[in-house]
Amino acid sequence: MSLSPLIIAEHSIAPGTRTRVDIPLPSLYTQTPVFMPVHVIHGRRPGPRLFVTAAVHGDEINGVEIIRRLLNQRALDHLKGTLLAVPVVNVYGYVRQSRYLPDRRDLNRSFPGSDTGSLAARLAATLINEIVAGSTHGVDLHTGAIHRENLSQIRVTLDADESMPDLANAFGTPVILDADVRPGSLRAEAVARHIPLILYEGGEALRFDEFAIRAGLRGILGVMRHLGMVRGAATRRPLDKAPVVARSSSWVRAGQSGVLLSLTPLGAYVKKGDTIGIITDPFLLEDTPVKAPCNGIVIGRINLPLVTEGEALYHLARFGDPEATAEQLERYRDGFDPEDNFNLSPAIEPLLP
């Protein structure tokens, strides 16, 4: 049994075809045309229809590179089903190196959107109508905000769909954050449409993080293997145990303004009362320790030392056994040996030492 042609933006893509479709978007005020490029791999055999999106926030560029490497994988040559890969959703923010759209709206608070609404609403509606609608699964790639770095992690609502736990485990990050959806987000719209969607977080805005990129690529391939879209197994599985689920998390905030000396890396296990950073004052020559309010794992942190009272400094996730989770994280990082280039395109491999 073969697949039927796929229609995207009035383009018909025949089964067994690999192509790029440029979806028209509202032009700039200079009348410069704007498009959302979508890479389509439409297999000959029926299977899931998976969409993979990046740069919903225009400055979150790790996902752009993850998708580029994904599209170079030979495993896609015999794809079962359909892959829709959108390297840059928020084209307007991407060209301005900004999280937001030109009108300062957050695209990831604008779904499902409207064909007659704001620029953000129209862009959101285009993505939903052309890519999300009709898909069976999704992966949305994100990073931390500017000057904020996230540990590689999955954020899902595990009880949103009976398949979510298995999909999250297939992605393979050691940390899964079971988090409620935020209204207006792409994840919330996917849940409303009963489309299982995994949100991957890793790295920092406007920075490439090689570890987060490799982990994200391996995760997507793991999901595709789980769904039966591609064959084969990973070269090496970094986890020897199932991922650990965090049921809650909280931010540690600055008690005063000053200059932060961070003492705690991502993935570290901290105990309640530990000093995880020091806020210094170059004018009064006073130091104030930043204490961990609970036991947990650092899954996010600020990288800019200049902080203001009340600013979020560290994101701590709570686990049943945080010490064992920290050990799992260390093994996970070790599993991505810098000498392991299996997931890089041939054009990059000769450039590496």
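Above this text you will find the structure in question.
As a starting point, this report considers the structure included with it. Quick caveat, the model's predicted, so the values are computed rather than measured. (Residues numbered from 1 in each chain as written. Predicted model: local features only at pLDDT ≥ 70, side-chain atom pairs only at ≥ 80, totals over all residues. Heavy atoms only, no water.)

**Looking at the packing of aromatic side chains**
By the definition in use, this model includes two aromatic pairs. The interplanar angle of 90° and the centroid separation of 5.7 Å between the aromatic rings of phenylalanine 211 and tyrosine 332 together place this pair among those described as edge-to-face. One end of the pair, phenylalanine 211, is in helix 6 (residues 210–226); the other, tyrosine 332, is in helix 7 (residues 322–334), with 121 residues separating them in the sequence. Directly above the aromatic system of tryptophan 251 lies the positively charged group of arginine 148, at a separation of 5.7 Å from the ring centroid. (Phe/Tyr/Trp six-rings, centres within 6.5 Å; stacked < 30°, edge-to-face > 60°. Helix = DSSP H or I, 4+ residues; strand = E, 2+ residues; numbered from the N terminus. Lys NZ or Arg CZ within 6 Å of the ring centre and 35° of its normal.)

**Describing the sheet that holds strand 13 (residues 258–262)**
Taken together, the four strands give an open sheet; going across it, the order is 16-15-13-18, and neighbouring strands pair in antiparallel fashion. Unpaired on one side and paired on the other, strand 16 (286–291) and strand 18 (306–307) mark the two borders of the sheet. Bridge count between strand 13 and strand 15 (residues 275–281): four bridges; the pairing is antiparallel. By the bridge assignment for strand 15, leucine 261 is matched with isoleucine 278. (Pairing = 2+ DSSP bridges.)

**Thoughts on unusual backbone geometry**
The omega angle of the peptide bond from phenylalanine 111 to proline 112 is 10°, so this bond is cis rather than trans. Mapped onto the fold, proline 112 is located in the loop between helix 2 (91–95) and helix 3 (119–132). The phi dihedral of alanine 9 is positive, around 50°, even though this residue is not glycine. Of note, alanine 9 is situated in the loop between strand 1 (6–8) and strand 2 (11–13). Look at alanine 9 and you get buried, because its relative accessible area is 16%. With a phi close to 60°, leucine 206 is a non-glycine residue in the positive phi region. Position of leucine 206 relative to the elements: it lies in the loop between strand 10 (197–204) and helix 6. Classification of leucine 206 by relative accessible area gives partly exposed; the value is 24%. (Buried < 20%, exposed > 50% of the residue type's maximum accessible area, 1.4 Å probe, protein only.)

**Structural notes on the pattern of salt bridges**
Following the criterion strictly, the structure yields 10 salt bridges and no others. Note that arginine 99 is salt-bridged to glutamate 60, the shortest N-O span being 3.3 Å. Of this pair, arginine 99 sits in the loop between helix 2 and helix 3 while glutamate 60 sits in the loop between strand 5 (45–54) and helix 1 (62–71); the two residues are 39 residues apart in sequence, bridging distant segments of the chain. Note on accessibility: arginine 99 and glutamate 60 belong to one class, buried. Between arginine 148 and glutamate 311 there is a salt bridge, with its nearest N and O atoms 3.4 Å apart. One end of the pair, arginine 148, is in strand 8 (residues 148–156); the other, glutamate 311, is in the loop between strand 18 and strand 19 (312–318), with 163 residues separating them in the sequence. (Salt bridge = Lys/Arg side-chain N within 4 Å of Asp/Glu carboxyl O.)

The quantities given are spatial measurements derived from coordinates; they are silent on function.
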